[in-house]
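Geometric and topological summary
What follows is each chain in one-letter form.
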Amino acid sequence: PVMWLAVPNQLEISGKAAMALYILRRMMGMVKGTSDLILAVRGRMIAMEVKTTGNSPREDQLNFAEWCRRCSVPYHVVYGPAEAIDVITSYLMETE
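A brief report on the enclosed structure follows. (Residues numbered from 1 in each chain as written. Predicted model: local features only at pLDDT ≥ 70, side-chain atom pairs only at ≥ 80, totals over all residues. Heavy atoms only, no water.)

As for the pattern of salt bridges
One pass over the structure, following the stated rule, counts 5 salt bridges. The partner of Glu 66 in a salt bridge is Arg 69, and the shortest N-O contact between them spans 2.6 Å. Residue Glu 66 and its partner Arg 69 are located together in helix α2 (residues 59-70), separated by 3 residues, close to a single helical turn. Glu 66 serves as the salt-bridge partner of Arg 70, at 3.9 Å between the closest nitrogen and oxygen. Residue Arg 70 and its partner Glu 66 are located together in helix α2, separated by 4 residues, close to a single helical turn. Residue classification places Glu 66 among the partly exposed positions, given a relative accessible area of 30%. Members of the salt-bridge network, linked through shared partners, are Glu 66, Arg 69 and Arg 70. (Salt bridge = Lys/Arg side-chain N within 4 Å of Asp/Glu carboxyl O. Helix = DSSP H or I, 4+ residues; strand = E, 2+ residues; numbered from the N terminus. Buried < 20%, exposed > 50% of the residue type's maximum accessible area, 1.4 Å probe, protein only.)

The analysis is restricted to geometry; functional conclusions fall outside its scope.
Okay, here's the thing in structure tokens:
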């Protein structure tokens, strides 16, 4: 089994409401640069940043990747669903 969740880091609104929501999310524990997906695959946590072709992680996302590395949490940048599925499949096969 694979458990996953999407991290809602994007703000779909602007102006004062966006700032208030940003402050609230930070108070609730939002970490800037957190990967788009957090997965648990057979007891192992995996962080996955999803990018479109030609894009690369921002500085805050690279900082989160380094935090993952220091905590021995695998971090992957994937470009599309097929790559994400390949990463998950490889972890499932490793733990069989």
